[in-house]
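# Structural overview for review
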Amino acid sequence: MNRERQHSGTSRRDFIKTCLTVSAMLGLPFSMVSKVAAASRKSDNRPAVIWLHFQECTGCSTSLLRSSHPTVSNLILDMISLDYHETLMAGSGHQAEKSLHDSMRDNKGKYLLVVEGAIPTKDKGIYCKVAGKTAIDSLKECASGAAAIIALGTCASYGGIPSVGPNPTGAVGVQDIIKDKPIINIPGCPPSPYNVLSTILYYTTFKKFPELDKMGRPKFAYGRKIHEHCERRPHFDAGRFASKYGDASHAEGHCLYKLGCKGPATYANCSVQRFNDVGVWPVSIGHPCIGCTEPDLLFKTAIADKVPLHEPTPFEGYATIDTKQKSPVIDPVTTGVVGLAAGVAVGAGLMMSKKLPDGTKRGEKYGKPE
Amino acid sequence: MPHSEYRRHKAPIITPSFLILLLLSLIGLALIALRFFKGLGYVSNLSDGYPWGIWITYDVATGTAIACGGYAMAIFIYICNNMHYHHMIRSAVLTSMFGYCLAGFSVMVDLGRPWNAYNFFVPSKWQANSAMFEVALCVMIYSTVLIIEILPSVLFILERDRWSDTRGILYSIQKMLSRQQKDAISKYAKMIRPKLDRILIFFVVLGITLPTMHQSSLGSLMLLSSSKLHPLWYTGFLPLLFLVNCIFIGFSIVVLESIISCYAFKRPYETKELSVVSAVIPWLTIIWFGVIFGDLAWRGQLGLIFNSGTNSFFFVLQNMLVATGSCMLFFKRNRGSLRRLFLAAMCLVAGGALYRFNVYLIGFDPGNGWSYFPSLSEFMVTVGLISIEILGYQLLVKTFPILPRLHHDGHPDDEIRSVI
Amino acid sequence: MANPNRRQFLQILGLGGATLLSGRSATASEIHQINNDTVGMLYDAVKCVGCKACMSACKRVNMDFGGLAYDKAKFDKEGMWDAQVDLNGNTRTIIKLYKESPQKWSYVKHSCMHCQKPSCVSACPVSAMTRDKVTGIVDYDKSVCIGCRFCQVACSFNIPRFQWDKLNPQIVKCDLCKHTSLIKTGTTACAETCPAGAILFGKRKTLLEEAHRRIQESPEKYQKHVYGEKEAGGTNHLYLAAVPYEKIGLPVLSDKADANLSENIQHTIYKGFIAPVALYSTLCFVAVRNMKKYHKEKHNHDKVSLESGKKGDK
């Protein structure tokens, strides 16, 4: 009972806990917690959020639903004003459409647009329609009044699985269609809900986006490679690799690089933030990272394919003071040739000295009779 | 110098030995090309512990000592006033020229960044503290001096109407040139040669000063490696030891070269001259041994001679060879015998060269498990360079008047006649 | 003070900047005196945990400027690790392990010692190796280097390494991040990254004080001697260790710099170039006199035997 109440409503304790988590993730100083809390408490400050779904599986939303601090209800009721979300909202049909248009009108230029799923562009975008409008049209319409756009998930960011060759619907990410609005990509399949939440709260607190990398991803979450913080890293450095799913080395938790782990090429904080509030993530349960935050890796390379390492580091084990391995291998041929040359020189000298006269008179002898 | 004292050796250029040497030279040159396409590490066994291998040790440090025949003879003839032996100088200078030019060439092969070598001529980059700088500059100048010293014999041929009677390189070149061109060359040769002859003595003396400087500096190079060079060889007297060493090697080489070339070219032996020249050697080796053992005794490290393992062996071998040679030459009877002269000179050159190998390679130990033995290709490059040297010598003495004229010559010698 | 503070960093940075501006240091050798105001590093093998973060940081920071690359181990076809087994043409610094028994062992970090009187600088014929007078940093300039490798032969510590496999090879050695990290952060990449406080960057004076303080504080942990304080005329890279220094690859050296002996000999011979010139003129005099004498005799002799005489002779 108690637990249920906590989840349905939000205790102050939970609220502060959420703000603390978010501040910590964003790398903000502790003093910022109150600011974050203040920003998210002010009800009039709640940013309106319009959430569109296109070619997707709703996995991103589902993942968000699984987060427990804050619970998604906390998020959508207290922190943001989620005015339109096709799978979460209570209303449907014309009612839902109305709420979308109302919100767009009321919050013009202020609302946040969250896009989930790729946008088909082929054949004028007929492959995805909501309320009789193609995805391109609704995206363009909603984007025109948005303050900023968050492309949630790899599909919305880069096209994701719908765009994998031969890409029958011509699916692309938001950034390929909308060019005149600030877009922040939160790729992942699904992305960590805390990355979404942190980004939104950062925006509501500071009225600007966090620092982004070259691919439009927030640096606080996508600044470093999975490999750099992986719990299996010591096994990598020591050269201990799982060679087959289910064998002894796999069971012992060795590095999954040779099973195709994309960790060394994937920028994401999965190995630190993990999922589902219970500290799990693919690598921890024995599955190699598939590189879902990288447009070039996810579904573009086979799971078993190995990725090259771009900044290799020293492995475990040390060089010795006496580096004996540097002695060149003395091959018998060389020794033979050197010996032969020396032999020829000495032999020729001795031979010649025998032919030379031992006498003392000058000039009367020639080297050889002519 | 009177040009009448020299003559061209008349013999066919292409002989079996010529072809073998040519083959070895070509292999060497091919490997040198490979070094420039694949890098130093590909061709050689050089390592960070042994950054200098046989290329530096033989081609530069030992090769220039063996090329000191010209230097030793110049001292002997011009400074020690034995002018009546100066018909022997040209062939000695020729071997010196080859030795030094090839040393310079092999340095360019050995350098990692030869295209930066122009910095030797940029005064702001000069580093006067460096013995290497001194060696490099001296070797470059000395090579030029040697070329100038050998130039009169070339000009002597060029200023004549007909360069060569027999088929050969000169004959072919002569055929290619037009009458006017040849006349022009003759004119300039005639103009330059007398002037050059007049000032040649100053180049000859420069050719004595420069080796004195850089041969001692070759020893100074190793002064920086006190912790790597075995104490049997590491001493502050390295420069002096190298200088004396190169002079006695030089004299021995003159003996060897004279005997070998007379043998190979079927000319009468110069036994009397050689016995006089070689008489100097024992005194030089006495100085040399005096410094070596005096220094060891002064440092109180005479014990090292016997308890340094391999180093002891090579130290003793080096001294035994030199001592054997010089003991033989102490006696006038031995100096009169060609065979003993030859054997003694062989021992001296071998011992003297071994000393340089000892200092640069054998006694050199960078520690921490490094070791070095040349690779086959590395060795073949050195063999190739030696072949080029002998090949060039053969070619030049058969093309230009370099060898001494045969004094008791029974055969009519047209070339000389035409001058006299 | 274990770590140089911010103020010191800035001071050093300023010094570094000033020297960069002042250009090349003079090459003439002066009477050798240890200058404790120059900068260097202190490596404490007792504190080192062997994490190799310094190696990674060094390569990351100096990769482009220093012409470095990753080393591939023979067994490692995929290039998974940077397999540095020794200082080499790709490696400016390395952590090695000396292990005698499970109880007696030590890490050691090898890199340039930045000698007060460096042999490599004395050896280099074209001034590609230079020692900055103000900072004491021994630096290498590949645009001048001819690749003769005399610096390698001369260095007692076997520090300069050569890129044997490259067609355009260069010497590789630590320059205290003079061109990279030192400009940006005021310290070296390895010292900055060391999590154990085993690598300190600072003025030699400070480092020596700190080293002696550490020995004094826990004499049971350390050898009673700071390696590099006097060795080879003093080095700016100092060492503390629990095991004898020669066991961790640091040679036993006298307090005198090799470069002093060789330079003294060179200078005695070549001072003002007087000796060579004197030698040359004396020899000229002797040779010309001998020649004249000889020709006089020969002339008389020739007059009798040959009439036409001597063409081209003088």
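Use the structure listed above.
Residue numbers run consecutively from 1 along every chain, following the written order of its sequence. To label them, take the chains in the order written and letter them from A, then take the ligands in the order written and number them from 1. Only residues with pLDDT of at least 70 are given local features in this predicted model, and only at 80 or more are side-chain atom pairs given and counted; all residues enter the totals for whole chains, interfaces and linings.

## Some thoughts on unusual backbone geometry
The phi torsion of most residues other than glycine is negative, and most of the peptide bonds are trans. Of note, the bond from Gly165 of chain A into Pro166 of chain A is cis; its omega dihedral lies within 30 degrees of zero at 5°. Secondary structure counts use DSSP, requiring at least four H or I residues in a row for a helix and at least two E residues in a row for a strand, with both numbered from the N terminus. Tracing the chain through its elements places Pro166 of chain A in the loop between helix H8 (153-158) and strand S8 (171-172). The omega angle of the peptide bond from Cys189 of chain A to Pro190 of chain A is 0°, so this bond is cis rather than trans. Relative to the assigned elements, Pro190 of chain A resides in the loop between strand S9 (183-186) and helix H9 (193-206). Here Thr58 of chain A, not a glycine, exhibits a phi torsion of approximately 65°, which is positive. Any residue surrounded by 20 or more other C-beta atoms within 10 Å of its C-beta is treated as buried, while 12 or fewer makes it exposed and the intermediate range makes it partly exposed; C-beta atoms here are placed from the backbone. The exposure class assigned to Thr58 of chain A is partly exposed, which follows from the 17 C-beta atoms found within 10 Å. Residues other than glycine seldom take positive phi values, yet His114 of chain C does so here, at roughly 45°. As for its position among the elements, His114 of chain C is in the loop between strand S3 (105-110) and helix H3 (119-123). Residue classification places His114 of chain C among the buried residues on the basis of 29 C-beta atoms within 10 Å.

## Remarks on the sheet that holds strand S8 (residues 199-203) of chain C
All names here are of chain C. Spatially, S8-S1-S9 is the arrangement adopted by the 3 strands of the open sheet, whose pairing is mixed. In this open sheet, the two edge strands, each paired with only one partner strand, are S8 and strand S9 (237-240). Across the sheet, the mean angle from the axis of one strand to that of its neighbour is 20°, orientation sign disregarded. Where strand S1 (residues 39-44) lies against S9, 4 bridges are found, and the strand directions are parallel. Bridging from a neighbouring strand, Tyr43 pairs with Tyr239 of S9. Together, S1, S8 and S9 form the strand contacts of helix H7 (residues 204-217), whose direction differs from that of S8 by roughly 135°. Pairing between strands is defined by DSSP: at least two bridges between them are needed. An axis is simply a line fitted to the C-alpha atoms; with a helix, the fit covers only the stretch in contact. Between two such axes, the angle follows the N-to-C directions and lies from 0 to 180 degrees. A pair of residues counts as a contact when their C-beta atoms, built from backbone coordinates, are within 7 Å of each other.

## Here's the deal with the interface of chain A and chain C
Contacts between the two partners involve 13 residues from chain A and, on the opposite side, 22 residues from chain C. Put simply, Ala, Val, Leu, Ile, Met, Phe, Trp, Tyr, Cys and Pro go in the nonpolar bin, Asp, Glu, Lys and Arg in the charged bin, and everything else, Gly too, in the polar bin. Taken together, the residues of the side of chain A that touches chain C sort by class into 8 nonpolar, 3 polar and 2 charged. Bridge count for strand S10 (residues 319-320) of chain A against strand S2 (residues 94-99) of chain C is 2 bridges, and the pairing is parallel. Note on S2 of chain C: the bridge partner recorded for Thr320 of chain A is Leu97 of chain C.

## So, the packing of helix H4 (residues 69-79) of chain B against helix H5 (residues 89-110) of chain B
Residue and element names in this part refer to chain B. Relative to each other, H4 and H5 sit at 145°, their axes nearing to 7 Å. Residue-level contacts link Gly69, Gly70, Tyr71, Met73, Ala74 and Ile77 of H4 to Ile89, Ala92, Val93, Thr95 and Ser96 of H5. Of the residues assigned to the contact of H4 with H5, the class counts are 7 nonpolar, 4 polar and no charged.

## Notes on the pairing of S8 of chain C
Residue and element names in this part refer to chain C. With respect to burial, S8 is a largely interior element, 5 of its 5 residues being buried. Examined bridge by bridge, S1 and S8 share 5 bridges and lie antiparallel to one another. Bridge pairing in S8 links Val39 to Lys203.

## Structural notes on the interface of chain B and chain C
On the chain C side, the residues contacting the 57 residues of chain B number 57 residues. Secondary structure elements with two or more residues in the side of chain B that touches chain C: helix H2 (40-43), H4, helix H6 (131-158) and helix H8 (179-221) of chain B. Looking at which element gives the most residues to the side of chain B that touches chain C, the answer is H8 of chain B, with 14 residues. Taken together, the residues of the side of chain B that touches chain C break down into 31 nonpolar, 20 polar and 6 charged.

## Quick notes on the pairing of strand S1 (residues 48-53) of chain A
Residue and element names in this part refer to chain A. Among the 6 residues of S1, 6 are classified as buried, and the element is accordingly described as predominantly covered. Residues Ala48, Ile50 and Leu52 line one face of S1 and the alternating positions Val49, Trp51 and His53 line the opposite face, and both faces are buried. Note that S1 and strand S2 (residues 81-85) share 4 bridges and pair parallel. In the sheet register, Val49 faces S2, and the bridge partner there is Leu82.

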